[in-house]
Amino acid sequence: MEILLETVSLLLVGAGAFFFAVGTLGLVRLPDLFCRLHALTKADNLGLGLVIAGLLPWAADPFLALKLVLIWLLVMLSGATGSYLIAKRALRGDGEDLLE
Amino acid sequence: MTIAWRLLGFCGLWLIFTGWNPGSWMIGVPSVLLATWAYGQLVGDSRAPSAARTLGFVLFFLRESVRAGVDVASRILRPRMRISPGFQTYRMRLADPSARVLFIDSISLLPGTLSADLVHREEIRVHALDATLDLAPELADLERRVGRLFGEELTKEKHGHV
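In this text the structure is predicted, and so the values were computed from the model without any measurement. (Residues numbered from 1 in each chain as written. Chains lettered and ligands numbered in written order. Predicted model: local features only at pLDDT ≥ 70, side-chain atom pairs only at ≥ 80, totals over all residues. Heavy atoms only, no water.)

Colleague: It is not clear to me how the interface of chain A and chain B should be interpreted in this structure. Could you clarify?
Modeller: Size of an interface, as often reported, equals the accessible area lost when the parts are brought together. At the junction of the two partners, chain A supplies 34 residues and chain B supplies 40 residues. For the pair chain A and chain B, the two sides together bury roughly 3,100 Å², of which 75% comes from carbon and sulfur. Our count for the contact surface shared by chain A and chain B stands at 1 salt bridge. Linking B:Asp117 and A:Arg92 is a salt bridge whose minimum nitrogen-to-oxygen distance equals 2.9 Å. There are 11 residue pairs in polar contact (both at pLDDT 80 or more) connecting chain A and chain B. The dominant element in the side of chain A that touches chain B, judged by the number of residues it contributes, is helix H3 (residues 62–92) of chain A, at 16 residues. Split by residue class, the side of chain A that touches chain B holds 23 nonpolar, 6 polar and 5 charged. (Contact = heavy atoms within 4.5 Å. Buried area = accessible area lost by both parts, 1.4 Å probe. Salt bridge = Lys/Arg side-chain N within 4 Å of Asp/Glu carboxyl O. Polar contact = N/O pair within 3.5 Å; in protein donor to acceptor, adjacent residues only side chain to side chain. Helix = DSSP H or I, 4+ residues; strand = E, 2+ residues; numbered from the N terminus. Nonpolar A, V, L, I, M, F, W, Y, C, P; charged D, E, K, R; others polar.)

Colleague: Before we go on, may I ask you to explain the domain arrangement of chain B in this structure?
Modeller: The domains assigned to chain B are domain 1 (2–43) and domain 2 (51–149). Placing a centre on the C-alpha atoms of domain 1 of chain B and another on those of domain 2 of chain B gives a separation of 31 Å. (Domains from an automatic or database assignment.)

Colleague: Help me understand the pattern of salt bridges in this model?
Modeller: Pairing between side chains becomes possible if they bear opposite charge and their charged atoms approach one another. Residue and element names in this part refer to chain B. With the rule as written, the count across this model stands at 10 salt bridges over all chains. The residue Arg 91 makes a salt bridge to Glu 123 at a minimum N-O spacing of 4.0 Å. Pair noted here: Arg 91 is in strand S1 (residues 86–91) and Glu 123 is in strand S3 (residues 123–128), with a separation of 32 residues, a long-range link. Measuring nitrogen to oxygen at the nearest pair gives 3.2 Å for the salt bridge that ties Arg 145 to Asp 141.

Colleague: Can you walk me through the sheet that holds strand S2 (residues 113–119) of chain B in this structure?
Modeller: Strand pairing in a sheet relies on backbone hydrogen bonds, with the paired strands running either antiparallel or parallel. Across the sheet, which stays open at both edges, the 3 strands sit in the order S1-S3-S2 (chain B) with antiparallel pairing between neighbours. Edge positions in the sheet fall to S1 and S2 of chain B, since each of these pairs with one other strand and no more. Strand after strand, the sheet turns through a mean of 30 degrees between neighbouring axes, direction not considered. Pairing between S1(B) and S3(B): 6 bridges, direction antiparallel. Each residue of the ladder has a partner; that of B:Arg91, found in S3(B), is B:Glu123. Here helix H2 (residues 33–55) of chain A sits on the sheet and contacts S1, S2 and S3 of chain B; the angle it forms with S2(B), its principal contact strand, is near 120 degrees. With respect to the sheet, helix H4 (residues 97–109) of chain B is in contact with S1, S2 and S3 of chain B, its orientation differing from that of S2(B) by roughly 140 degrees. (Pairing = 2+ DSSP bridges. Axes fitted to C-alpha atoms, helices over the stretch in contact; angles between N-to-C directions.)

Colleague: Can you help me understand the layout of surface pockets in this one?
Modeller: Gaps between atoms show up when a probe of the same size as a water molecule is rolled over them. Size it by volume and the largest pocket reaches roughly 1,900 Å³. Lining the largest pocket are 39 residues, and of these A:Leu77, B:Tyr39, B:Ser98, B:Leu102 and B:Phe150 sit closest to its centre. Going through the elements one at a time, H3 of chain A together with helix H1 (2–18), helix H2 (25–43), helix H3 (51–77) and H4 of chain B are the ones with two or more residues in the lining of the largest pocket. No other element matches H3(A), which puts 9 residues into the lining of the largest pocket. Split into classes, the residues belonging to the lining of the largest pocket amount to 29 nonpolar, 7 polar and 3 charged. In terms of domain composition, the lining of the largest pocket takes at least three residues from each of domain 1 (2–43) and domain 2 (51–149) of chain B. Lining the second largest pocket, in full, are B:Arg67, B:Asp71, B:Arg75, B:Pro111, B:Gly112, B:Thr113, B:Asp130, B:Leu133, B:Asp134, B:Leu135 and B:Glu138. Of the residues contributing to the lining of the second largest pocket, the split by class is 3 nonpolar, 2 polar and 6 charged. (1 Å grid on protein atoms, 1.4 Å probe; cavity = no way out; pocket = protein on both sides within 12 Å on 5 of 7 lines; lining within 4 Å. Points joined across faces, edges and corners; volume = space filled by probe spheres on them.)

Colleague: Quick question: what am I supposed to make of the packing of aromatic side chains here?
Modeller: The geometry of two aromatic rings is summed up by the distance between their centres and the angle between their planes. All names here are of chain B. Summed over all chains, the structure comprises 6 aromatic pairs over all chains. Geometrically, the ring pair formed by Phe 10 and Tyr 39 is edge-to-face, given 5.9 Å between the ring centres and 75 degrees between the ring planes. Taken together, the residues span a long stretch of sequence, with Phe 10 in helix H1 and Tyr 39 in helix H2 at a distance of 29 residues. Taking the centre distance of 6.3 Å and the plane angle of 35 degrees together, the rings of Phe 57 and Phe 61 count as tilted. Linking Phe 57 with Phe 61, this pair stays in helix H3, spanning 4 residues, or about one helical turn. Exposure remark for Phe 57: the relative accessible area of 9% places this residue in the buried category. A cation sits over an aromatic face here: Arg 125 above Phe 87, 4.8 Å from the ring centre. (Phe/Tyr/Trp six-rings, centres within 6.5 Å; stacked < 30°, edge-to-face > 60°. Buried < 20%, exposed > 50% of the residue type's maximum accessible area, 1.4 Å probe, protein only. Lys NZ or Arg CZ within 6 Å of the ring centre and 35° of its normal.)

Here it is as C-alpha cells:
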C-alpha cells in the first residue's frame with residue numbers, strides 16, 4: 001500500500017516538474033509576449049497542481065493539506081490576474097518597460 | 001451577519017497560513033480586518049454560489065486545466081511549433097461583478113485562450129495560440145457555466161463576435 005502511494009506521488013510530482021520545464025521551454029521558444037503568457041499561465045498551473053496533488057497524501061495534518069491546496073488556488077488566481085494585467089498593458093502600449 | 005462570516009473566513013485563512021502561533025495575530029488581526037473591508041468594497045452585492053454548483057464548476061475547471069496544460073505543452077514540444085497566434089473579440093453578457101472576474105480569469109487558464117483586455121465594459125479581447133479557430137462557441141459555453149454558478153441564466157443565441 002505504502003509503495004503504491006509512493007509510486008503515485010512520484011509520478012504526479014514528476015509530471016508536475018515536466019510541465020514546469022515545458023512552460024519554461026515555451027518562454028524561450030514562443031515568439032512574442034502574449035504567447036509566452038499562455039505557456040506561463042497554463043503549464044505552470046497544471047505543473048503546480050500536479051506537484052501539490054502528489055504531496056497531499058504526505059501532509060502531516062489536515063491543516064497542512066488545506067494550506068497546500070490554498071497555495072495552488074492563490075498562485076492560480078495571481079497568475080491569471082497578473083497575465084491579464086501584463087497583456088492589457090502590452091496591448092495598450094502604456095507600460096513603462098515597453099518603451100522601444 | 002455576512003460581515004461576521006467574512007471575518008470568520010479570513011481568520012480561518014490566517015490560521016491555515018500561520019498555524020497556531022499566537023504571536024502571528026499581531027499582524028493577523030489588522031490583515032483580517034483590512035481583508036474583510038476590502039472584500040466588502042470589491043464584491044459589491046454578488047450572490048455567493050451554492051456548494052453543489054461550486055463543486056460542479058471545480059470539476060469542470062480541473063478537467064479543462066489538464067486539457068489546457070497538455071495542449072500548450074504539445075504545441076511547445078513540436079520541432080516546428082503548431083501556433084498561429086492572434087486576437088479575437090468576444091462580447092461578454094455577464095452582469096454580476098464576481099461572475100465577470102471569474103470569467104475573465106478562467107479564460108486565461110483554459111485551453112488556448114488568454115484574456116488580454118476589456119473595452120467598453122463588455123468586449124473582451126482574447127488572445128489565442130491558434131486564432132484560425134472560432135473561439136466564440138467555447139467561450140459562450142464557459143460563460144454559461146460561470147453565469148449558472150452565480151444564478152445568472154444566459155440565453156443561447158446572443159453570443160458571438162462584435
